[in-house]
Amino acid sequence: MADPISRRVVLQLVGAGAAAASATACSRGPQELIVPYVQQPPEVTPSVPTHYATVTCLDGYGVGVLAESHEGRPTKLEGNPSHPASAGALSAIEQASVYDLYDPQRTRGIYHEGLPATWAALVAAIAAPMPAGKRTHVLLRPTSSPHLVALIQRVRGRGDVVVHFDTPATRGAAWAGARLAFGRVVEPRYDFSRCDVVVCLDADFLSSTTTPHAWARAWASRRRLNTPNDTMSRLYVVEPGMTVTGMAADERLRVQGRQVAGIAADLLAQIDSLGGTPGTPRPVPALPWVQALARDLHARSGASVVLAGDRQPPEVHALAHAMNQRLGNVGRTVTYGTAPIFEAGESSHELGDLVRAIDAEEVATLVIVGGDPLFTAPANLGLERRFKSIPTRAYVGLRETRTARACAWRCPEAHWLEAWSDALAFDGTPAIAQPLMRPLVDGRTAAQVLAAMLDPHETTSLDLVQAYWRGQSRGDFDAFWRQSLVHGVVPTGSTPSVEVRVDESAVARILAAPPRPAAPLEIAFYLDAKVHDGRFGDNSWLQELPDPVTKLTWDNAALLGPATAKRLGVRDEQVVAIEVRGHTVRAPALVVPGMADDVVAIALGYGQGVPDRVSHGIGADANALRSSTAPWFDDAILAKTSDTHSLSLAQEHASMEGRPIVLSHTLAGYRQAPDFAKSLNEPLPTLYDLEPDAPHQWGMTIDLDACTGCSACVVACMVENNVPTVGKTGVRLGRGMYWLRIDRYYGGDPREPTAVVQPMLCQQCEKAPCEYVCPVNATVHSHDGLNEMVYNRCVGTRFCSNNCPYKVRRFNFFNYNSSKPESLALAMNPDVTVRARGVMEKCTYCVQRIREAEIGARRDHRRIADGEIVTACQQTCPTGAITFGDIADPRTAVSQTRTNGRLYEVLHDLGTVPRTRYLARIVNPNPELHS
């Protein structure tokens, strides 16, 4: 089927306003102007992008975004520095969300029983008053949207409408833990910039997917060492499987997921003992690891923080709150505020209420907006079986899902880049989402669906948002509205902190409870770093992104530690049958160092099984094993099979083989030998004249102390530079096209490994081995120090790739863009050449951004300012690990990093003189645990 949205259609509909117009609906509607970030252009100027501040949401929490638009089509997203959650950064998921806007697999019309229908007919079916004893039930994703919350409350006022919320990434345990500890639902807000010690109880806060990016940036600010006398924080992690945060840990303890509660109780008891607050004696002495951690925390009272992950039960969260109060952290490194999510901690966030209503034959109509509950709901709820008994079922979503296929009514959902909305950040700061273009399909927002239940006359998303905020503003609404859109945040600011005190009787009951014994084999479910709960499973950019830990693409797997795999006789790619509570799922095994013994972990979001979608046939459905009573950890039985399943790993070798690729040292060792990296940074003898012949010489420094391997930079590079995906087979053959990769290496005992990560991109060598061997002079050196590729000269000999010691050059064996749907072509950056088949491509330091800045500086008769040029990877990095600029100017930030004693060149002995250099990683282990 031909792609219904072509570039020609979009360009034909681009107007002279600040936003482009593009629609396939029968009516274009009234013109709506959106306000650009900083300055509104009088018209769209070809080749000159405009930027708009907006906000996106993941499970209800708002993240500020600056969206770049070329001639009316959004092509690139960046974090909004003015927004408290993004702090100028974005995660891989947010970077890739432009793909979902142009996805040709989006639902494109309203249908009833497979036949075209109208919005008026759908509204008549779902908005009719219910007879006595019957109700209309609405299932939404969790939301913090103020205007949507107001509509929910109005709709409930009808008396016959019930609204529920559901997401597999629920924070229900955290909310219940707060209620257990404080008697009310609050959420902690952490200030990692003031922490000397951070303790994570199965909390992966550095992944920057489900937590504010500002947290990762604040943590990294305490890890940078400019001199050996600087101090740095210490990170402890307790978890069942290796995570992004676990790889960054200074001290890590592997335990089964259910044993984290016992570790937390032991830790609190030890803190009480050290602080002179006698607690309930523990039946088993605490591990030496826990005792050393307690002493470290006690020594840094008021400058530490303990946080629990969302997978852990409420008791662990309550214990974390108690520890922060005992240590004097409350009011310093941690404060509390009301949860921004509407009805956080209430029963409306549990699917059990909906299941009971269905069983009572109360549900006459069910309307689902977003989500895919028939896929994500725990198996024991039997939702798919119960679903068939509901007379009227309607689904509003971006794509055809398992739930959509079970509904008679189907309606497209508006993408967040084509609709007005609003959302609260983690600290309650509101922001208004403005669309970048008119809807590509005839989609509706959740607010429009609820508004239709109150008034059948259609209302635009702009009308609904403005109606709410007009009632909230004071004084000149137009000025308030414009200021909110220009800056990307509503000027009301965050919600104030609240005073809470831990209920000591509740803590005593938790401490008195016997610890749960270890299971013979525990299954641990986790949200995938790429597809999350499955909602991004049709995004090729994310499917091809290597997992930050396993480096697995286009699949999930049953992850086992080396000892467990050996005990069970399981090898890589061998299909295993996992049985949980009578349900069985088959998945290929993958042995991963650092996994806790007797644990098998599997990612959610795969095995969706909807034909004709990107996600079809990819991975195993872990939701089929989950129970609502044990959603994250459960007992499991694993059996080998004779089958195998090929896995596509972006990195198959995880050892540096003794070579100084990722240089690391302890903090104590660094202080004793501050010049330990000097030998890998000194100039080598050369016959070449390396004197610069241009006023600017570009270079990059990457601080491995700050880099967590979250992989946001990888997707940012793909989007900025039109890097194609090659599919599962292409990755397996080593033909992945990403210009920037994150290498992950293990060291030490495979059961207790140290893990280090390193972003690897073109090193822009001064003496580039690739340049010597090219027979057609396609790879050349620029006047400002870049190793450039002249695509129309390249004949594909691949001599340069063979001669590159860093293996950062990519050869496109096929014309991956030739079969790309026209709608996806709209997401391409017009400032970057789309490469034809048979040429070598690689990182260019985002040369298009460099040349744009040079042109602007010449036009204004000025010098390029330091920090004016920001590469795509640098701009999105949550921790700010990347510094880029002019190394010829000693005053620039990048030049200052080159005076750091940790600076070194990778493969220095080869004499390539790379422009990309690294600051060695420094770890801060607890000396007590290594004496």
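This report concerns the structure included in the present document. (Residues numbered from 1 in each chain as written. Predicted model: local features only at pLDDT ≥ 70, side-chain atom pairs only at ≥ 80, totals over all residues. Heavy atoms only, no water.)

**Some words on the overall build of the protein**
Then step 1. Looking only at helices and strands, the protein features 30 helices and 39 strands.
Then step 2. Reported as C-alpha extents along the three principal axes, the dimensions of the protein are approximately 90 × 75 × 65 Å.
Then step 3. Out of the 931 residues in the protein, the part that is buried amounts to 62%.
Then step 4. Across the protein, every contact between residues at least 6 apart in sequence was considered, and the portion connecting residues at least 24 apart equals 74%.
Then step 5. Of the roughly 34700 Å² of accessible surface on the protein, 52% is carried by carbon and sulfur atoms. (Helix = DSSP H or I, 4+ residues; strand = E, 2+ residues; numbered from the N terminus. Buried < 20%, exposed > 50% of the residue type's maximum accessible area, 1.4 Å probe, protein only. Contact = heavy atoms within 4.5 Å. Areas by Shrake-Rupley, 256 points an atom, 1.4 Å probe, with all protein chains shown as cover.)

**Examining the sheet that holds strand S3 (residues 73-79)**
Then step 1. Read across the open sheet, the 3 strands follow the order S1-S2-S3; overall the sheet is antiparallel. If you trace the sheet from one side to the other, it starts and ends with strand S1 (50-58) and S3, each paired once. Each strand of the sheet is rotated relative to its neighbour by a mean of 40 degrees, with strand direction disregarded.
Then step 2. In terms of strand pairing, strand S2 (residues 61-70) meets S3 through 6 bridges, oriented antiparallel. Of the residues in S3, the one forming a bridge with Ala67 is Leu77. (Pairing = 2+ DSSP bridges. Axes fitted to C-alpha atoms, helices over the stretch in contact; angles between N-to-C directions.)

**Observations concerning the side chain of Asp166**
Then step 1. You can see Asp166 is positioned in the loop between strand S7 (161-165) and helix H6 (172-182).
Then step 2. Lacking a salt bridge, the buried Asp166 has Arg141 as its closest oppositely charged neighbour, with an N-O distance of 7.8 Å. (Lys, Arg positive; Asp, Glu negative; His and termini not counted. Salt bridge = Lys/Arg side-chain N within 4 Å of Asp/Glu carboxyl O.)

**A few points about the sheet that holds strand S4 (residues 111-112)**
Then step 1. Strand order in this open sheet of 7 strands is S5-S4-S16-S15-S14-S6-S7, and the pairing throughout is mixed. In this open sheet, the two strands that pair with only one neighbour each are strand S5 (115-116) and S7.
Then step 2. Its contacts with the sheet place helix H4 (residues 119-126) against strand S6 (135-140), strand S14 (363-369), strand S15 (392-397) and strand S16 (409-412), and it is angled at close to 125 degrees to S16.
Then step 3. Across the sheet, helix H16 (residues 446-454) lies against S6, S7, S14 and S15, angled at about 170 degrees from S6, the strand it touches most.

**Structural notes on unusual backbone geometry**
Trans peptide bonds make up most of the peptide bonds, and negative phi angles are found at most residues other than glycine.
Then step 1. At Trp554, a position not held by glycine, the phi torsion is positive, near 55 degrees.
Then step 2. Relative to the elements of secondary structure, Trp554 occurs in the loop between strand S20 (552-553) and strand S21 (558-560).
Then step 3. Notably, Gln764 is not glycine yet its phi reads approximately 50 degrees, a positive angle.
Then step 4. Take Gln764: it is sitting in the loop between strand S31 (754-760) and helix H25 (769-773).

**A word on the packing of helix H9 (residues 260-274) against helix H11 (residues 314-326)**
Then step 1. The interhelical angle for the contact between H9 and H11, taken along N-to-C directions, is 20 degrees, at an axis separation of 10 Å. In terms of orientation, H9 lies roughly parallel with respect to H11. Of the two possible hands of crossing, H9 and H11 adopt the one that is left-handed. The segment H9 lies against H11, with Val260, Ala261, Ala264, Ala265, Leu267, Leu268, Ile271 and Asp272 engaging Val316, Leu319, Ala322, Met323 and Arg326.
Then step 2. When grouped by side-chain class, the residues that make up the contact of H9 with H11 number 11 nonpolar, no polar and 2 charged. (Parallel < 35°, antiparallel > 145°, perpendicular 65-115°, else oblique. Left-handed = near helix turned anticlockwise from the far one by under 90°. Nonpolar A, V, L, I, M, F, W, Y, C, P; charged D, E, K, R; others polar.)

**Section: the pairing of S15**
Then step 1. Among the 6 residues of S15, 5 are classified as buried, and the element is accordingly described as predominantly covered.
Then step 2. The sheet contact formed by S15 and S16 spans 4 bridges and is parallel. In the sheet register, Gly397 faces S16, and the bridge partner there is Pro412.

**Describing the pattern of salt bridges**
Then step 1. Taken as a whole and judged by the stated rule, the model has 56 salt bridges.
Then step 2. In this structure, the salt-bridge partner of Asp59 is Arg535, at a minimum N-O distance of 2.8 Å. Of this pair, Asp59 sits in the loop between S1 and S2 while Arg535 sits in the loop between strand S19 (522-526) and helix H20 (540-543), and the two are 476 residues apart along the sequence.
Then step 3. Residue classification places Asp59 among the buried positions, given a relative accessible area of 9%.
Then step 4. Overall, Arg535 belongs to the buried group, its relative accessible area being 16%.
Then step 5. Here Arg224 makes a salt bridge to Asp703, at a shortest N to O gap of 4.0 Å. Of this pair, Arg224 sits in the loop between helix H7 (213-221) and strand S10 (234-239) while Asp703 sits in strand S29 (residues 698-703), placing them 479 residues apart in sequence.
Then step 6. Judged by its relative accessible area of 26%, Arg224 is partly exposed.
Then step 7. Salt bridges here are not isolated pairs; linked through shared partners, they connect Asp100, Asp103, Arg399, Asp538 and Arg613.

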